[in-house]
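A closer look at the structure
Listed below, chain by chain, are the residues.
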Amino acid sequence: MAKSPTTRRDFLKIAALSGASAGMFGGIAGATPTDDGQAAPAPKVPRRTLGATGESIPILLLGCAQRFDIKYDKLLHRAYAEGIDYLDTALAYEKGWSHKTIAPFIKQIGDRKKLWITSKGEGRGGTVAAYMRDLDLCLEQLETDYLDLFFMHALNDVKFLDKPFLEMGAKMKASGKTRYFGFSSHGSQVVALLEKAAKSGGIDVIMFAYNFGEYGNLELNRAIDACVEAGIGLIAMKTQKSVPADQEQVVAFRSRNFTLPQAKLKAVWADERITAAVSHINNTRKLRENVAAAKSPIALSMDEFQQLQRLATVTAPVSCRGCAEICESRVEGEVAIADTLRFLMYHEAYGEPEKARRLYRALPEAARRIDGIDLSRAAAACPRGIDIAARLRRAQELLAT
Ligand code: SF4
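Before going into details, it helps to say that this report is about the structure given with it.

1. Observations concerning the overall build of the protein chain
Across its full length, the protein chain holds 17 helices and 10 strands. In the protein chain, which comprises 401 residues, the share counted as buried stands at 52%. For the protein chain, long-range pairs separated by at least 24 residues make up 76% of all intrachain contacts whose partners lie at least 6 apart in sequence. Here the protein chain displays about 18000 Å² of accessible surface, and carbon together with sulfur accounts for 52% of that area.

2. Looking at the pairing of strand E10 (residues 276-279)
The alternating pattern of E10 places Ala 276 and Val 278 and Ala 277 and Ser 279 on opposite faces, both of which are buried. As defined by bridge partners, strand E3 (residues 60-63) adjoins E10 across three bridges and the pair is classed as parallel. Looking across to E10, one finds that Leu 62 is bridged to Ser 279. Inspection of the sheet shows strand E9 (residues 233-237) paired to E10 by two bridges, in the parallel sense. Counterpart to Ile 235 in the pairing with E10 is Ala 276.

3. Examining the packing of aromatic side chains
Counting across every chain of the model gives eight aromatic pairs. Both rings, one in Tyr 86 and one in Trp 116, keep their centres 5.5 Å apart while their planes meet at 10°; by these two values the pair is stacked. Of the two residues, Tyr 86 is situated in strand E4 (residues 86-88) and Trp 116 in strand E5 (residues 116-121); the sequence distance between them amounts to 30 residues. Both residues of the pair, Tyr 86 and Trp 116, count as buried.

4. Some points on the nonpolar core
The biggest cluster of nonpolar side chains holds 61 residues, and the ones touching the most others in it are Tyr 131, Met 152, Phe 183, Leu 194, Ile 203, Ile 206 and Phe 208. Formed by 26 residues, the second largest nonpolar core is a distinct cluster that contains Phe 343, Leu 344, Ile 370 and Ala 395.

5. Some points on the site of the ligand
Near the ligand, the surroundings consist of Cys 320, Arg 321, Gly 322, Cys 323, Ala 324, Cys 327, Ala 338, Leu 341, Cys 382, Pro 383 and Ile 388. Assessed atom by atom at 2 Å from the grid points, the ligand resides in the largest cavity. Of all elements in the fold, only helix H12 (324-328) and helix H13 (337-348) reach the threshold of two or more residues within the shell around the ligand. Partitioning the shell around the ligand into residue classes produces nine nonpolar, one polar and one charged.

6. So, helix H7 (residues 218-229)
The first and last C-alpha atoms of H7 sit 17 Å apart over 12 residues, in line with the 16 Å expected at 1.5 Å per residue. Where H7 is buried, its residues contact helix H6 (190-200), strand E8 (205-209) and E9. Two residues or fewer past H7, Gly 231 is found with a positive phi of approximately 85°.

7. A look at the side chain of Arg 357
Structurally, Arg 357 is set in helix H14 (residues 353-362). For Arg 357, the side chain forms a polar contact with the main-chain oxygen of Thr 401, separated by 3.3 Å.

Cut-offs applied
Residues numbered from 1 in each chain as written. Predicted model: local features only at pLDDT ≥ 70, side-chain atom pairs only at ≥ 80, totals over all residues. Heavy atoms only, no water. Helix = DSSP H or I, 4+ residues; strand = E, 2+ residues; numbered from the N terminus. Buried < 20%, exposed > 50% of the residue type's maximum accessible area, 1.4 Å probe, protein only. Contact = heavy atoms within 4.5 Å. Areas by Shrake-Rupley, 256 points an atom, 1.4 Å probe, with all protein chains shown as cover. Pairing = 2+ DSSP bridges. Phe/Tyr/Trp six-rings, centres within 6.5 Å; stacked < 30°, edge-to-face > 60°. Core = buried A, V, L, I, M, F, W, Y, C linked by side-chain atoms within 4.5 Å. Near = heavy atom within 4 Å. 1 Å grid on protein atoms, 1.4 Å probe; cavity = no way out; pocket = protein on both sides within 12 Å on 5 of 7 lines; lining within 4 Å. Sits in = over half its atoms within 2 Å of the grid points. Nonpolar A, V, L, I, M, F, W, Y, C, P; charged D, E, K, R; others polar. Expected span 1.5 Å × (residues − 1). Polar contact = N/O pair within 3.5 Å; in protein donor to acceptor, adjacent residues only side chain to side chain.

Below, the structure is given as structure tokens:
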């Protein structure tokens, strides 16, 4: 979730919202006396049904692209206590350390069935054998016998919904190594992938980039409808449509009830076709803010929706959607445009400068070089109209040293 420095006003909003939601469900202390005078359990994050799987999952999912404390991770345990029993991880997250540091938490909970664990493999080389190896490696690193859901990670080509891969998914499920199968996607082929999955069958769940900036996207909305019709469970990621904080302040978000990150989550949950939103929660302040929004019975007002739409319009030119094949194929050289803009987002929007610098410096030198490279064709093709040269120069200034 985008970093939003907590102002006193935001702090009061989160506190008020926590109180309002607790009051709605059970008093300001999170518990209320029952008829027999016993304290009722504190309210949990609400749940929805995940497509035709029939499984009930929380509407707020913990994004685990991070390392955890193997002795006792406060964030994981607090999230679990709030009802967030769904962890979204991947082989690629922290080079396997997300998995390895979730493994002790699974043991601490003591009953594997109390947790939902989704992981993803990139299937390097794009073969069935590679995905099968990835699934085994997920289980090994997480020290568990099965996943609840295995995703082909970050798909951007409909060929991965051809028969061999759908048969692979069926085989994975039959082996008992995963209960459900699907894919994640946030590139330029999201619509095509959703459309094909709705027709092909064999896909239980899709996690895809979806946020307040997509309301007017007719093709995407039709593809979402087709998936819902086909019984595919839908999970939203990248709900914050993160842009630099100073850009977001161009449209000062005004709300009596919600902070801007909360409003962005509420906007996704307002779409009942979406079962849940995964959120990169990496500190207890964000956890509290996210949970308060999830539990709140207050809906976004029309004015708040309109403010978000204005924000989407204003910030489109700095909001990269990761469709690397569009811009990078139009550049002589190996410059890694999408990755660089993602790392820049970690710095500017997520407040994670160290991570951004580390990832940027790990890119091969040729992928960072922009001097003498003509980026004009790439910029002309960019669907977001991003000034790619200016943004890459900004990345160099912020991340190279
Ligand atoms: S710069 Fe534009 S074309 Fe390139 S990945 Fe970002 S949004 Fe896509």
